[in-house]
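Understanding the architecture of this molecule
One letter stands for each residue in the lines below.
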Amino acid sequence: MTSPRILVVDDEAHLRELLEITLIKMGLDVDSADSLASARTYLAQNAYALVLTDMRLPDGLGIELVREVTASGKNIPIAVITAYGSADNAVVALKAGAFDYLSKPVALDQLRLMVQSALRVGKPADTSAPQSGSAVRSGNALRLLGQSATMQELRAQIVRLARSMAPVAITGESGSGKELAARDIHALSPRADKPFVAVNCGAIPEALMEAEFFGYRKGAFTGAAEDREGFFQAANGGTLMLDEVADLPLPMQVKLLRAIQERRVRKVGATMEEVVDVRLVSATHQNLAECVESGRFRQDLYYRLNVIELKLPPLRERLDDIGQLVETILGRLSSFGSHAAPAVLTQAALAALRTYSFPGNVRELENILERALAFANDGVIEVADLGLKVTGLSPVEKPILPELGDEIQVSTVPIVAATPGVVGAEMALSASELPSSLPTHLDDIERNIIRQALARTHFNRTKAADLLGISFRQLRYRMQRLSIHEQD
Ligand SMILES: Nc1ncnc2c1ncn2[C@@H]1O[C@H](COP(=O)(O)OP(=O)(O)OP(=O)(O)O)[C@@H](O)[C@H]1O
């Protein structure tokens, strides 16, 4: 069997030799070129599993080679070597189709990881063209459904960008499928057999963030009874999804930027850094560019995360997809329940869904169908079963809720007066009284507020989250933390 062949393009003899030796030690065949012209000659003559090029060459820029190799359609991963700290070059190369980049001075452990990853891209099963309109690849179907032209284009984009290491920023309203898209990117990538880790940046207490992201050493702080890995280590070799990334506090943004630039992290309490090989996908329903303008999000981190943008359209802009989504969701719900055959919608019910605005997008459609199924007779869902008229509470009905997290406001307990029947007696403290345990007291208040919001929305978590001004996932996290269940 022949070894995979790598083309190294660099005019610095010293660095070229170092790269050659490292690659040969990895059992690879290496050709070396010292100019663009020579690289082009090699590329015309041989098939390569990876091209590794410097940015500055005597007869032009490495980026030209990136564009040529990408345009050739030969599916050869090409990585660039950029000058230290030149984020611009790295981002430009990734946008032009480069598979990945290495910064000078080249760290050999990073080089090895990158080469291993590139060789997985080159495997035939992973690079086969998507069949019929891009939804299926290597028998691996994308889970992001939709027949509309926008969704077909989106899936084709996912197939393309799954091959590279470029950070992807996914935007879209809540429930529009951002996490599903991230999972599809991972599942189609050469990292599919490694972990996919999704982190809700808005749900981690600020004081724990560094430890959660980078891990900690035993004894680093009170309660650190043993060494623990962070999200970066957990996602090593795979994909890390930073969900609700706009919620990251500024000090953590600095640490994250550093981890991305250096591709190394240091556990809290550790002296040594460790190399991590993680592909980053970020998501938010907020406008990150506006967050940058208002100073809430660092421009340099934005630039690093936003290399490729993936926009998920709201469901109301692709109502053509409803038929397929309804069929799939009902099929799934019936396989969980006791229904023998999947339920069906009457024509009128389907038409009603097609005129609905879906503020909670596909997640709301799932909720509507789940609820409708409980009301449907003999598995036939009528318009009335959908309950579409209840689109939320009118502003006058909105309860006056204290700001969660604002301790002063919460402890003055305005909700006692608003809804005395719901608030537990233990929370109705007089102004001079103090709770015996502040955290328990605040948890009780939060639990009650969430229960009220759930009761008012008939346990529709999407609407309850809207009512409380938090994301669905933040609500779900808080419900888990406070042990709130549907039957409560
Ligand atoms: N195009 C789609 N095809 C099939 N299912 C979808 C699609 N889009 C979303 N869903 C489903 O809708 C639900 C919400 O999707 P997901 O969690 O990916 O949304 P999100 O945009 O990440 O939401 P949030 O911003 O609230 O975290 C999931 O159950 C997901 O499987």
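The shown structure was predicted, so the numbers you read here are calculated from the model rather than taken from an experiment.

1. With respect to the overall build of the protein
Looking only at helices and strands, the protein features 22 helices and 18 strands. Looking at the protein as a whole, 34% of its 488 residues are labelled buried. Taking the contacts inside the protein whose residues are at least 6 apart along the sequence as the reference set, 67% of them involve residues at least 24 apart.

2. Structural notes on the sheet that holds strand β1 (residues 5-9)
Ordered in space as β2-β1-β3-β6-β7, the 5 strands form an open sheet in which the pairing is parallel. Single-partner strands in this sheet number two, and they are β2 (29-33) and β7 (100-103). Across the sheet, the axes of successive neighbouring strands diverge by a mean angle of 20°, strand direction being ignored. Relative to β7, helix α5 (residues 108-121) is tilted by about 170°, and along the sheet it contacts β3 (50-54), β6 (78-82) and β7.

3. Concerning the packing of helix α7 (residues 149-161) against helix α8 (residues 178-188)
Packing of α7 against α8 leaves a shortest axis separation of 8 Å and a crossing angle of 45°. As the angle between them shows, α7 and α8 are arranged oblique. Seen along the crossing, α7 lies across α8 with a hand that is right-handed. Here α7 contributes Ile158, Val159 and Leu161 to the contact with α8, which in turn contributes Ala181, Asp184, Ile185 and Leu188. Here the residues of the contact of α7 with α8 sort into 6 nonpolar, no polar and 1 charged.

4. Regarding the UniProt feature "modified residue: 4-aspartylphosphate" (unreviewed entry) in the protein
Under the local residue numbering, the UniProt record ascribes the feature "modified residue: 4-aspartylphosphate" (unreviewed entry) to Asp54. With respect to the helices and strands, the residue Asp54 is situated in strand β3. Given 23 C-beta atoms within 10 Å, Asp54 falls into the buried group. Sequence-distant contacts of Asp54, defined by excluding residues within four places in its chain, comprise Val9, Asp10, Asp11, Gly62 and Ile81.

5. Side note on the packing of helix α21 (residues 461-468) against helix α22 (residues 472-481)
In contact at an axis separation of 8 Å, α21 and α22 are set at 100° when each is read in the N-to-C sense. In this view, α21 runs roughly perpendicular relative to α22, as classed from their interaxial angle. Where α21 approaches α22, its residues Arg461, Thr462, Ala464, Ala465 and Leu468 are matched on the opposing element by Phe472, Gln474, Leu475 and Arg476. Tallied by class, residues from the contact of α21 with α22 come to 5 nonpolar, 2 polar and 2 charged.

6. Description of the site of the ligand
Taken together, 20 residues lie around the ligand, and Leu145, Gly177, Lys178, Glu179 and Val362 are the ones closest in. At the level of elements, α8, α16 (361-375) and α22 are the ones that each hand at least two residues to the shell around the ligand. A breakdown of the residues in the shell around the ligand according to their chemical character gives 6 nonpolar, 8 polar and 6 charged.

7. Things to note about the nonpolar core
Considering soluble globular proteins, one finds that nonpolar side chains tend to be buried as a cluster. Grouped together as the largest cluster of nonpolar side chains are 79 residues, with contacts concentrated most on Val51, Ala79 and Phe232. Every residue in contact with Phe232, bar those within four places of it in the chain, is listed here: Phe213, Phe214, Leu240, Ala259, Val265, Val276 and Val278. The next biggest cluster of nonpolar side chains, apart from the first, holds 18 residues, and it includes Val326, Leu345, Phe358 and Leu365.

8. With respect to the sheet that holds strand β10 (residues 168-171)
Reading across the sheet, the 5 strands line up as β11-β12-β15-β10-β16 and stay open at both edges, with parallel pairing between neighbours. Only two strands of the sheet have a single neighbouring strand rather than two, namely β11 (196-200) and β16 (308-311). With strand direction ignored, the average angle separating the axes of adjacent strands in the sheet is 20°. Pairing of β10 with strand β15 (residues 279-284), which is carried by 4 bridges, proceeds in the parallel orientation. Each residue of the ladder has a partner; that of Ile170, found in β15, is Ala283. Relative to the sheet, α8 contacts β10, β11, β12 (239-243), β15 and β16, its axis offset from that of β15 by approximately 165°.

9. What about the environment of Glu206?
Mapped onto the fold, Glu206 is located in the loop between β11 and α9 (209-214). Using a count of 10 C-beta atoms within 10 Å as the deciding quantity, one classes Glu206 as exposed.

10. Describing unusual backbone geometry
As a rule of thumb, non-glycine residues mostly have phi less than zero, and peptide bonds are mostly trans rather than cis. Going from Lys104 to Pro105, the amide bond is cis rather than trans, its omega being -5°. Examined against the element boundaries, Pro105 turns out to sit in the loop between β7 and α5. The backbone of Asp378 shows a phi angle near 50°, a positive value even though the residue is not glycine. Checked against the element boundaries, Asp378 lands in the loop between α16 and β18 (380-381). Its identity as a non-glycine residue notwithstanding, Ser483 has a phi of 50°, on the positive side. Looking at the element boundaries, Ser483 is found in the segment after α22.

11. Thoughts on the pairing of β3
Burial analysis of β3 places 5 of its 5 residues in the buried class, which makes it a mostly covered element. In β3, alternate side chains face the same way, and those of Leu50, Leu52 and Asp54 on one face and Val51 and Thr53 on the other are all buried. With 4 bridges connecting them, β1 and β3 associate as parallel partners. Paired with Ile6 across the two strands is Leu50, which belongs to β3. Alignment of β3 against β6, held across 4 bridges, turns out to be parallel. Bridge assignment links Leu52 to a residue of β6, and that residue is Ala79.

Thresholds, definitions, all that
- Residues numbered from 1 in each chain as written.
- Predicted model: local features only at pLDDT ≥ 70, side-chain atom pairs only at ≥ 80, totals over all residues.
- Helix = DSSP H or I, 4+ residues; strand = E, 2+ residues; numbered from the N terminus.
- Buried ≥ 20, exposed ≤ 12 C-beta atoms within 10 Å, placed from the backbone.
- Contact = placed C-beta atoms within 7 Å.
- Pairing = 2+ DSSP bridges.
- Axes fitted to C-alpha atoms, helices over the stretch in contact; angles between N-to-C directions.
- Parallel < 35°, antiparallel > 145°, perpendicular 65-115°, else oblique.
- Left-handed = near helix turned anticlockwise from the far one by under 90°.
- Nonpolar A, V, L, I, M, F, W, Y, C, P; charged D, E, K, R; others polar.
- UniProt positions renumbered as here; feature names shortened; annotations may be inferred.
- Near = placed C-beta within 6 Å.
- Core = buried A, V, L, I, M, F, W, Y, C linked by C-beta atoms within 7 Å.

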